[in-house]
Structures are given as C-alpha cells and as structure tokens.
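Summary of the model geometry
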Amino acid sequence: MKSTRHGSATVEFPSDREVLVTRQFDAPAELVFDVLTKPEHVSVWFAAKPLEVCEIDLRVGGDYHFEGFIMDDDVTTCSFRGTYLEIERPVRTVETWVFGGRPDDSAVETVELHDEDGVTTMTTLLAFKDQATRDAVIWTAPDGVHAADGQQGSYDRTEDLLASLA
Amino acid sequence: MARAAAATDLFTAIAEAPRREILDALVDGERPVGELVEVLRMAQPRVSKHLRVLNDVGLVTCRAEGRRRLYRLDHERLRPLHAWLEKYERAWNERLDRMDDYLMDLQQEERVR
C-alpha cells in the first residue's frame, strides 16, 4: 500500500540572510539520510530527469557535485556543488552550497532530520553571507526558475503575515 | 536614509524587519500611529519613517481623523508577494515531491522483498 504524503514544504525566512525549508517524509531518518547522501539515490530524484553528474564524497572535507536537466524542458541545466563540513548520520549534515556555478553566491546549508515514529521532518537551512546574496539567489532558485518573473527584491517572514491574512 | 528612499517597490519595502512588524500589527485592522508606537515599542520618528515607505509603495494607506492619523493595510497590494511565495514553495515542492515519491517506492520495494 502506498503511504500518504506528509504535506508540502513550508518556506520561511528566519533572518535577512537565511532560507529555511521544512518538509516531512513518511520514512525513517536513516532512509531519508541515505536518499540525501548516496549518489545512486540522489541522481534519481534530484531533478526532473536523472542527473548527468552526481558525485558525492560523504566525509568531512569531501565534495559533492550535481548537474543535470533540472526541468523537463531538456534546456535548463543546473549545477550544485559544495564541500561537507559536518556529517552526523542520520540526523545532520552541514555543507557549503554553490548554486549554478556562482561561487560568490555560496551559502552554508544545514540539513537536519528529526525522526518521530518513522515520520521524518527534514529542515534545510540555507545561510548566505548577506541579504543581497540571498535575495539574488532565491529569486532564481531553487530550480533556476524565475520565481518572481524578473522582479527583483527581497522579503522576509511575509508568509506569517500572509497566513494570518488568509 | 538612502535605503528607505530606494525602496521603490514592495519587495524592497518589506525587506526590513521593522516594516514587516508594522504590517503584522496592521493585519487586524486600522490603527493610529500612536498605537503602533506603543505596540511595536519603536520611537515615533522611526515608525513614521517606515510608514512613509510602506505608504509610498501602497502597502498601507492613511487617513486623518481629527488630529489622529490612521493607517491600514492594503491587502490587495500583498497579492504579488503571495503569488511569489507560492511559486517559490512550488519550485521547492517539485523536488521534494520527487524525493517523497522515491522514498515511498524504496519502502514499497523493501516490503515486497
């Protein structure tokens, strides 16, 4: 029997230079951790099509590199690279995060897994060096899609406000 | 302040936390400046400065009632932000949905074996 989806991701902006994405999965943390850190898994789900490049050297100081068609259009390619700074299986990894080959826009990504009765909550925190960098990246990330149709700018924690308006 | 002056669109206007706090405080309805000063524990000149920026981009509107100036949120102006957030979340969810599906498939295979 197929299990049910545990809702969709929430995106928050805990500070001016951060993005926090939270999502639950109906799977134990060990499995989620493997699916996040083993190339044979990542290459399958990361993009709309299997990744062209999927290298993961899972040790502190080791690098990862993902590259492929991010969208179904066979045109938009994308790359993510970085170096692992901390690894604590199956609850946490910290790594540098460079999107689209722009090292100036790098962030530190902290992925944390919290398993409660086989349902794992994953939080992904991207911490950029400053607000300008975050804003430059999030207006095109995570999939190279122009999230705001070319509008530039920044905002923060607005979803709280928007939620309260709903 | 150069930054405030440069806040030409609503995205930039709400980049600063105090302005978001003001918007939050106006969610439930119209409020006089004095009340915002009290609720936000912010000096009146600061509140006024931020209100001016929000007013410039149309996120708040202002009316006078006697000697009081009352500010209210223009919910309609928040729509573009809402649309953007939805799009951004959707982009994330496309990837995370694939991950979710993959996790389900893996576990199903596990059970079949």
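None of these values were measured; they are calculated from a predicted model.

Considerations on the overall build of chain B
Per the secondary structure count, chain B includes six helices and three strands. Across chain B, helices and strands are ordered from the amino to the carboxyl terminus as α-α-α-β-α-α-β-β-α. Here chain B, with 113 residues, has 28% of them falling under the buried criterion. For chain B, the share of sequence-separated contacts (at least 6 apart) that also reach a separation of at least 24 residues comes to 51%.

Considering the overall build of chain A
Regarding its fold elements, chain A presents four helices and eight strands. When its helices and strands are written in sequence order, chain A yields β-β-α-α-β-β-β-β-β-β-α-α.

Here we look at the packing of helix α3 (residues 17–26) of chain B against helix α5 (residues 44–56) of chain B
Residue and element names in this part refer to chain B. Where α3 contacts α5, the axes come no closer than 10 Å and their chain directions differ by 80 degrees. In terms of orientation, α3 lies roughly perpendicular with respect to α5. Counted together, P18, R19 and I22 of α3 and R46, H50, L51, V53 and L54 of α5 form the full contact between these two elements. For the contact of α3 with α5, the per-class residue count stands at five nonpolar, one polar and two charged.

Some thoughts on unusual backbone geometry
Residue A:P90 is reached from A:R89 by a cis peptide bond, and omega for that bond is -5 degrees. With respect to the helices and strands, A:P90 occurs in the loop between β5 (77–88) and β6 (92–99). Of note, A:D117 is a non-glycine position whose phi angle comes to about 50 degrees, a positive value. Looking at the element boundaries, A:D117 is found in the loop between β7 (107–116) and β8 (119–128). Judged by the 6 C-beta atoms lying within 10 Å of it, A:D117 falls in the exposed class. We note that B:R41 has phi near 50 degrees; this positive angle belongs to a residue other than glycine. By secondary structure assignment, the location of B:R41 is in the loop between α4 (33–40) and α5.

Regarding α5(B)
One full turn of an α-helix is made of 3.6 residues, so residues set three or four places apart face in the same direction. All names here are of chain B. In this model α5 runs 18 Å from its N-terminal to its C-terminal C-alpha over 13 residues, within 8% of the 18 Å that 1.5 Å per residue would give. If you check which residues of α5 are buried, you get V47, H50, L51, V53 and L54. Taken around the axis of α5, the buried residues stretch over an arc of 160 degrees, which confines them to a single face. Exposed residues pointing more than 90 degrees away from the buried face of α5 are listed as Q44 and P45.

Section: the environment of A:R134
Residues and elements named next belong to chain A. Topologically, R134 is positioned in helix α3 (residues 131–138). By the C-beta count within 10 Å, which is 24 here, R134 ends up buried. For the pair R134 and D16, spaced 118 residues apart in the sequence, the C-alpha separation amounts to 8.0 Å.

A few points about the nonpolar core
Counting residues in hydrophobic clusters, the biggest one holds 39 residues, and the most contacted among them are A:V32, A:F66, B:W92 and B:L103. Top element by residues in this core is helix α6 (residues 79–112) of chain B. It accounts for eight residues. When near neighbours in sequence (up to four residues on either side) are disregarded, A:F66 contacts A:V42, A:F46, A:L51, A:V53, A:C54, A:S79 and A:F80.

Some remarks on the confidence of the model for chain B
Residues and elements named next belong to chain B. Here chain B shows a mean pLDDT of 83. Residues at 70 or above account for 88%. The spread of mean pLDDT over the elements of chain B runs between helix α1 (residues 2–5), the lowest at 35, and strand β1 (residues 31–32), the highest at 95. In this model residues 1–8 is a low-confidence stretch, pLDDT under 50, and it forms seven contacts with partners more than four residues away in sequence or in other chains. Overall fold confidence for the complex sits at a pTM of 0.70, while the interface term, ipTM, reaches 0.78.

Considering the sheet that holds β7(A)
All names here are of chain A. The eight strands are arranged β1-β2-β8-β7-β6-β5-β4-β3 in an open sheet whose pairing can be described as antiparallel. The open sheet has two free edges, formed respectively by β1 (10–12) and β3 (53–56), since each of these has just one partner strand. Taking each pair of neighbouring strands and ignoring which way they run, the sheet shows an average axis angle of 20 degrees. With three bridges connecting them, β1 and strand β2 (residues 18–25) associate as antiparallel partners. In the strand pairing of β2, T10 is matched with T22.

Quick word on the pairing of strand β2 (residues 60–65) of chain B
For a regular strand, side-chain orientation follows a simple rule: the groups alternate between the two sheet faces. All names here are of chain B. As paired elements, β2 and strand β3 (residues 68–73) share six bridges and run antiparallel to each other. Looking at β3, one finds that V60 is bridged to L73. The antiparallel pairing of β2 with β3 creates a hairpin that spans two residues between the two strands, and G66 there sits at a positive phi of about 65 degrees.

So, how was this worked out
Residues numbered from 1 in each chain as written. Chains lettered and ligands numbered in written order. Predicted model: local features only at pLDDT ≥ 70, side-chain atom pairs only at ≥ 80, totals over all residues. Helix = DSSP H or I, 4+ residues; strand = E, 2+ residues; numbered from the N terminus. Buried ≥ 20, exposed ≤ 12 C-beta atoms within 10 Å, placed from the backbone. Contact = placed C-beta atoms within 7 Å. Axes fitted to C-alpha atoms, helices over the stretch in contact; angles between N-to-C directions. Parallel < 35°, antiparallel > 145°, perpendicular 65-115°, else oblique. Nonpolar A, V, L, I, M, F, W, Y, C, P; charged D, E, K, R; others polar. Expected span 1.5 Å × (residues − 1). Arc of directions from axis to C-beta. Core = buried A, V, L, I, M, F, W, Y, C linked by C-beta atoms within 7 Å. pLDDT = per-residue confidence, 0-100. Pairing = 2+ DSSP bridges.

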